[in-house]
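# Chains, contacts and geometry: an overview
So you can see what is in the structure, the chains are spelled out below.
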Amino acid sequence: MTHRNLTEATWRETRAAAGEAIAVLPIGSQEQHAGHLPMGTDTMLADAVVSRALDLLTEEAGPGTPVPDLVRLPTLPYGHSPHHLFAAALTLSAPVLGTVLDELLDSLAECGYGRVLVVNGHGGNDEIVRLAVKRFALRAEVTAAACSYWTLLDTVETEEATVETEEATVETEDATVEDAGTAGDGSDTAVAPCGAGDRAGLVPGHAGWFETSLMLAAHPELVRAERPAQPPVEPPPLFDKPPYPGLTVERHGEWERVGGATDDAAGADARDGARLLDRCARGLARAVLAFDAATRPTA
């Protein structure tokens, strides 16, 4: 496995890698993150997750473990954030961001890259980046993928929870055999997944427990010490908790009404953040391996 930063590579190295490598394009935003997180939070967290995932893939590379060559592009630091202009944001309209992605992706194809993965760090970009890779694959002979890094957290937790539950079941069965006739109420024990746990509903949120915990792990020096508790807002914002599953609901002025954050960041913790960062990165690393296995060029 080779891992190159496009910015540091020569043009010949860039072209030479194109035949088999996966180009990885992170994207973030510049927007308000309440009073305690910096404007570039989404960009820095996308960077941090990609960096950690690439480190994990480098560690995993070895005989018998096919790990793809990767070319990391500079993180695109701007996204679609008009809903945060009530405070401060540098935003691209959806059509302009779509065009920026189109032209970057087309440039990669012209340079010979046939596989591209876009890793998104901002919720407002999600639909735009997914549409961009769909359009890209229609107009060029490429295979492209997109994800928002926090969506991969669940894949790691689900796999680990399944293993833990199976182990718990085996242990329970063993105990039942050993203590026949005395086993009482422990035969159906299930192990809850680690990670977000009962805070799963706060992922990803905005400037709340999840992002603040991640920033305390990745860039603690940039998290302001003052993180006042956020009382519940009535009525609750519909963009964060729609009234019915499957609905996307937007109500004018809600971001300003809730103070620019989805939930209380007062309980954010660097240890939680380090664990969450590792799980997001592991999810991304597994996604890269799966994408590679499904799309690896054949001789």
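Look up a bit, the structure's there.
The text that follows walks through the structure, step by step, so that each part is easy to find. (Residues numbered from 1 in each chain as written. Predicted model: local features only at pLDDT ≥ 70, side-chain atom pairs only at ≥ 80, totals over all residues. Heavy atoms only, no water.)

### Let's talk about the pattern of salt bridges
Counted by the stated rule, this structure contains 14 salt bridges. Two residues, Asp106 and Arg139, come together in a salt bridge whose shortest N-O distance is 2.8 Å. Remark: Arg139 occurs in helix H4 (residues 126-139) and Asp106 occurs in helix H3 (residues 94-110); sequence separation between them is 33 residues. Each of Arg52, Glu59, Asp278 and Arg282 takes part in a single network of salt bridges with overlapping partners. (Salt bridge = Lys/Arg side-chain N within 4 Å of Asp/Glu carboxyl O. Helix = DSSP H or I, 4+ residues; strand = E, 2+ residues; numbered from the N terminus.)

### As for the sheet that holds strand S7 (residues 143-148)
The strand order across the open sheet formed by five strands is S1-S4-S2-S6-S7, and the pairing between neighbours is parallel. Edge positions in the sheet fall to strand S1 (3-5) and S7, since each of these pairs with one other strand and no more. The sheet shows a mean angle of 20° between the axes of neighbouring strands, taken without regard to direction. In this structure, strand S6 (residues 115-120) lies alongside S7, joined through six bridges in parallel fashion. Its bridge partner being in S7, Leu117 is matched across the sheet by Ala145. Against the sheet, helix H2 (residues 41-60) touches S1, strand S2 (22-27), strand S4 (70-72) and S6, its axis set at about 155° to S4. Strands S2, S4, S6 and S7 of the sheet are contacted by helix H8 (residues 270-295), whose axis makes an angle of about 160° with S6. (Pairing = 2+ DSSP bridges. Axes fitted to C-alpha atoms, helices over the stretch in contact; angles between N-to-C directions. Contact = heavy atoms within 4.5 Å.)

### What about the nonpolar core?
Of all hydrophobic cores here, the largest spans 39 residues; its most connected members are Val119, Tyr149, Phe210 and Leu284. The set of elements that each furnish at least two residues to this core consists of S2, H2, S6, S7, helix H6 (209-218) and H8. At nine residues, the largest contribution of residues to this core is made by H2. For Tyr149, the residues in contact, after removing those within four places along its chain, are Leu45, Ala46, Val49, Val119, Asn120, Gly121, Phe210, Leu214 and Cys280. (Core = buried A, V, L, I, M, F, W, Y, C linked by side-chain atoms within 4.5 Å. Buried < 20%, exposed > 50% of the residue type's maximum accessible area, 1.4 Å probe, protein only.)

### Points about the packing of H2 against H8
It is at 8 Å that the axes of H2 and H8 come closest, and there the two elements cross at 60°. It follows that H2 is oblique to H8 by the angle criterion. Once H2 is placed against H8, the crossing between them reads as right-handed. Where H2 abuts H8, its residues Ala48, Val49, Val50, Arg52, Ala53, Leu56, Leu57 and Glu60 lie against Leu277, Asp278, Cys280, Ala281, Arg282, Leu284, Ala285, Val288 and Leu289. For the contact of H2 with H8, the class distribution of residues is 13 nonpolar, no polar and four charged. (Parallel < 35°, antiparallel > 145°, perpendicular 65-115°, else oblique. Left-handed = near helix turned anticlockwise from the far one by under 90°. Nonpolar A, V, L, I, M, F, W, Y, C, P; charged D, E, K, R; others polar.)

That's the geometry; what it means functionally is another story.
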